[in-house]
There are 2 protein chains.
Amino acid sequence: MTMQDVARHAGVALSTVSATLTAARPVSAGTRARVEASMTELGYRPNALARGLASKRSHVLALAFPMGPAGLSRTSAEFVIGATEAAQDRGYQLVLWPFATDDAAGLLDVARQGLADGVLLMEVGTGDARVRALAEAGIPQALIGRTGDDGLPVVDIDFDATVVAAVQHLSGLGHRRIAFVNHAEHRVTEGHGPTVRAGEAYRRIVAGLGLPAQEVFAEESVAGGRVVAAQLLDAPQPPTAVLVMNEEAAFGLVAEFAARGVAIPGDVSVAAVVSTPAVAGQTVPPLTTWHAPGVALGRAGVDLLLSVLGTGEVPAPTLIGCGLVDLGSTGPAPRGGPHP
Amino acid sequence: MTMQDVARHAGVALSTVSATLTAARPVSAGTRARVEASMTELGYRPNALARGLASKRSHVLALAFPMGPAGLSRTSAEFVIGATEAAQDRGYQLVLWPFATDDAAGLLDVARQGLADGVLLMEVGTGDARVRALAEAGIPQALIGRTGDDGLPVVDIDFDATVVAAVQHLSGLGHRRIAFVNHAEHRVTEGHGPTVRAGEAYRRIVAGLGLPAQEVFAEESVAGGRVVAAQLLDAPQPPTAVLVMNEEAAFGLVAEFAARGVAIPGDVSVAAVVSTPAVAGQTVPPLTTWHAPGVALGRAGVDLLLSVLGTGEVPAPTLIGCGLVDLGSTGPAPRGGPHP
DNA sequence: TTGAAAGCGTTACCAT
DNA sequence: ATGGTAACGCTTTCAA
């Protein structure tokens, strides 16, 4: 079932069938009708490989998917879903390239096989070797997460806006001691974008509101969450509200609060930022969440890559904030000052 | 940088370069050496599209990835990881095809474009329309999850062996009243494989051990878990051990036990089956888990599809059991009979 | 063992 | 507006 078969069936030249499909040149209404009739009658589907080879556009996009536990997070999964759907909507297919973020060589190797028209890079770090490798090879790319460098096509979560919104939300409820539970401290020294950016935003906004900053770092585990919960409660000035950007730790935090008889949101308000209700909603009580825009980010990433592919231009970075999902774990600041 | 360039550089015919690459015909050691030298010197990478077009083998596998929340589960994510890695190991690439399980037409449409050599179907249901559609179109496929039909290439979780192992584990600890928390009841009528199979296995094994069966169905939510927890505790003969095959409900179950002062594992032993420590380990206390073999299943699925592709034969179904991850939530049956 | 040439199923260009 | 034909970059005969 090739294009030639369709041409024969419709009594036209092969090139006319191609033109009917691609609109690369005018085709008269009558001819178009006959060709299309033949195509549906024969059940013809153009061959993707041949089309890609001849046109030098495979209509395949690659997603460089980082191996390791980070790649398994709910938000990563949502990202993949979003990217896959967007690709589909745009008439593209998405291939998964499982490479560690430091395996630029491996990535380049498969990239140069020409299956994909461009590459979407997840978990981009400062001075990412993959970015340079692809750039040197002339392979179009789009990045998820900002690097230090500028002038690259990037989409990212708007950590700043999200943290600001969350702090303002709590401040609006009358809280004046709003703590922030960040990722593990070593992430800062590693230059982990989310950790650094969210921390900066937090310190800036509380300062701007004239509130004290209370930023703590938690290991990414339930135990890590318990540790910081204790740390916060035992402080001379315990917070009346806690923002947590650490999904694993959130479970421990809630558990430790419960164990100490600290009620949420009665005694302390708690909210998860850059998480998802599917995870942060599984604690008891479920946590009000600023939902990480995984799906939207995936879609934006694909659109960004396609725009790079189409125009060769590099648009300004796209930042997407988190939406609020109120599950009831925040409330007015307790009147009688610090809780028990 | 084409094969022709390499041939020229090495002073051989184009077909000899091809032969060096594919071993489709003998090449003398000397020639091979010169060709390989030229390839590395020029940094040559064969073009995947051209290779696929000429050989009628794209070395691309498709993963029909179900849309909707099910596709976002941790186990699904692990499956995708496993399949992607396996494909990579075998020299294949994996494309994601996001289609609802009932969108056989959409799936067929893209499948017939010939980009993929074969399709891996996730979340296969009884009488799955996708299976028939692909079969009629002559497109190789492999299935994750058994259908009613026989003679199809299938890999699946060994629910039976897993449930049996879990019940025996608890029975070995002296428990005689071992409850089973299954998925929602409507799943049974829908013919949802895991729900049906695990339920059957549970009833069979407890009967075999001479123990009473206590199977309950929970909505897939924290609230659903609380409901069944209450139901179990309020029964005339409360269980001393509970097996949960419902990740969302597990959180509610543990919470309700805690709220009622029922200690785990002091008063009641609890274990998750067909889950993952990454999820079931986030309750407090973390739950001993029979870890769903997502990664292994993904790998097995790819290998199955490749074997179908290679031989045309349909191997017998492959069933993979869950491994035990003991997180301490099970213990000896309480001596004094039923707990408080 | 090697070279030459005919496909693979399209697109893109050049005539007509 | 349409037909013919040369690429696209490789695999696969078929000769030599």
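Attention here is on the structure that accompanies the text. What you see is a predicted model; the values in this text were computed from it and never measured. (Residues numbered from 1 in each chain as written. Chains lettered and ligands numbered in written order. Predicted model: local features only at pLDDT ≥ 70, side-chain atom pairs only at ≥ 80, totals over all residues. Heavy atoms only, no water.)

1. Considerations on the sheet that holds strand S6 (residues 178-182) of chain B
Residue and element names in this part refer to chain B.
Okay, step 1: Overall, mixed pairing links the six strands, which are arranged S7-S6-S8-S9-S10-S12 in an open sheet. In this open sheet, the two edge strands, each paired with only one partner strand, are strand S7 (214-217) and strand S12 (323-325). This sheet shows a mean twist of 20 degrees between the axes of neighbouring strands, independent of strand direction.
Okay, step 2: Two strands pair when backbone bridges link them, and S6 and strand S8 (residues 241-244) are joined in this way by four bridges, in the parallel orientation. (Pairing = 2+ DSSP bridges. Helix = DSSP H or I, 4+ residues; strand = E, 2+ residues; numbered from the N terminus. Axes fitted to C-alpha atoms, helices over the stretch in contact; angles between N-to-C directions.)

2. Re unusual backbone geometry
Okay, step 1: A cis amide bond links A:Val284 with the next residue in sequence, A:Pro285, at an omega value of 0 degrees.
Okay, step 2: Here the residue pair B:Ile264 and B:Pro265 is connected by a cis peptide bond, since its omega of 0 degrees sits within 30 degrees of zero.
Okay, step 3: In this structure, B:Pro265 sits in the loop between helix H12 (247-259) and strand S9 (269-275).
Okay, step 4: In this structure, B:Glu123 is a non-glycine residue whose phi angle is positive, near 55 degrees.
Okay, step 5: With respect to the helices and strands, B:Glu123 occurs in the loop between strand S3 (118-121) and helix H7 (129-137).
Okay, step 6: Backbone geometry places B:Val274, a non-glycine residue, at a positive phi of 55 degrees.
Okay, step 7: Structurally, the position occupied by B:Val274 is in strand S9.

3. With respect to the protein's contact with DNA strand D
Okay, step 1: In the vicinity of DNA strand D there are 28 residues, among which A:Thr16, A:Thr31, B:Met3, B:Ser18 and B:Tyr44 approach most closely.
Okay, step 2: A breakdown of the atoms of DNA strand D within 4 Å of the protein gives sugar and phosphate a share of 62%.
Okay, step 3: Between a base oxygen of DNA strand D and a main-chain N or O atom of A:Ala54, the distance comes to 3.4 Å.
Okay, step 4: At 3.0 Å from a phosphate oxygen of DNA strand D is found a side-chain nitrogen or oxygen belonging to B:Arg51.
Okay, step 5: Looking at the surface near DNA strand D, the elements with two or more residues in it are helix H2 (14-22) and helix H4 (48-55) of chain A together with helix H2 (14-22) and helix H4 (48-55) of chain B.
Okay, step 6: The residue inventory of the surface near DNA strand D, partitioned by class, reads 12 nonpolar, 11 polar and five charged. (Near = heavy atom within 4 Å. Polar contact = N/O pair within 3.5 Å; in protein donor to acceptor, adjacent residues only side chain to side chain. Nonpolar A, V, L, I, M, F, W, Y, C, P; charged D, E, K, R; others polar.)

4. What about the interface of chain A and chain B?
Okay, step 1: Taken together, the contact between chain A and chain B spans 44 residues of the former and 44 residues of the latter.
Okay, step 2: Linking chain A to chain B there are two salt bridges.
Okay, step 3: Close ionic contact of A:Asp109 with B:Arg45 constitutes a salt bridge, the shortest N to O distance being 2.6 Å.
Okay, step 4: One can count 14 residue pairs in polar contact (both at pLDDT 80 or more) joining chain A with chain B.
Okay, step 5: The set of elements that each furnish at least two residues to the side of chain A that touches chain B consists of H4, strand S1 (60-65), helix H5 (74-89), strand S2 (93-98), helix H6 (104-111), helix H11 (222-233) and helix H12 (247-259) of chain A.
Okay, step 6: The dominant element in the side of chain A that touches chain B, judged by the number of residues it contributes, is H5(A), at eight residues.
Okay, step 7: Looking at the side of chain A that touches chain B, its residues break down into 25 nonpolar, 11 polar and eight charged.
Okay, step 8: Pairing geometry for S2(A) and strand S2 (residues 93-98) of chain B, over three bridges, is antiparallel. In the sheet register, A:Leu94 faces S2(B), and the bridge partner there is B:Leu96. (Contact = heavy atoms within 4.5 Å. Salt bridge = Lys/Arg side-chain N within 4 Å of Asp/Glu carboxyl O.)

5. Some words on the relation of the copies chain A and chain B
Okay, step 1: Each copy superposes on the other: chain A lies on chain B with an RMSD of 0.1 Å after a rotation of 180 degrees and an axial shift of 0.0 Å. Expressed as a symmetry operation, the mapping of one chain copy onto the other fits a two-fold axis. Taking the C-alpha atom as reference, chain A places A:Val95 closest to the rotation axis, 2.0 Å from it.
Okay, step 2: Take the interface residues of chain A: 100% of them recur as interface residues in chain B, which is what a same-surface contact looks like. (Least-squares fit on C-alpha atoms with pLDDT ≥ 70 in both.)

6. Points about the pairing of S3(B)
Residue and element names in this part refer to chain B.
Okay, step 1: The alternating pattern of S3 places Gly-118 and Leu-120 on one face and Val-119 and Leu-121 on the opposite face, and all of these are buried.
Okay, step 2: Judged from the four bridges that link them, strand S1 (residues 60-65) and S3 form a sheet pairing that is parallel. Bridge pairing in S3 links Ala-64 to Leu-121.
Okay, step 3: Where S3 and strand S4 (residues 141-144) come together, three bridges link them in parallel fashion. Residue Leu-120 lies in a different strand from S4, and its bridge partner there is Ala-142.
Okay, step 4: Chirality of the crossover, the property in question, places the unit of S3, H7 and S4 among those that are right-handed. (Buried < 20%, exposed > 50% of the residue type's maximum accessible area, 1.4 Å probe, protein only. Right-handed = clockwise from strand over helix to strand, strands pointing away.)

7. A few points about helix H3 (residues 29-42) of chain B
Residues and elements named next belong to chain B.
Okay, step 1: Its 14 residues place the ends of H3 20 Å apart at the C-alpha level, agreeing with the 20 Å of an ideal helix rising 1.5 Å per residue.
Okay, step 2: By the burial criterion, the buried members of H3 are Thr-31, Val-35, Ser-38 and Met-39. The arc enclosing the buried residues of H3, seen along the axis, measures out at 100 degrees, which places them on a common side. Seen from the open side of H3, the exposed residues pointing more than 90 degrees away from its buried face are Ala-29, Thr-40 and Glu-41.
Okay, step 3: Where H3 is buried, its residues touch helix H1 (3-10) and H2.
Okay, step 4: Just downstream of H3, Gly-43 is the residue with a positive phi angle, here 65 degrees. (Expected span 1.5 Å × (residues − 1). Arc of directions from axis to C-beta.)

8. Side note on the protein's contact with DNA strand C
Okay, step 1: Taken together, 27 residues are adjacent to DNA strand C, and A:Met3, A:Ser18, B:Thr16, B:Arg25 and B:Thr31 come closest.
Okay, step 2: For DNA strand C, the backbone portion of the atoms within 4 Å of the protein, that is sugar and phosphate, comes to 64%.
Okay, step 3: In the environment of DNA strand C, a phosphate oxygen lies 2.9 Å from a nitrogen or oxygen atom belonging to the backbone of B:Ala13.
Okay, step 4: B:Ala54 places a polar main-chain atom, nitrogen or oxygen, 3.5 Å from a base oxygen of DNA strand C.
Okay, step 5: Counting residues per element, the ones that place at least two in the surface near DNA strand C are H2 and H4 of chain A together with H2 and H4 of chain B.

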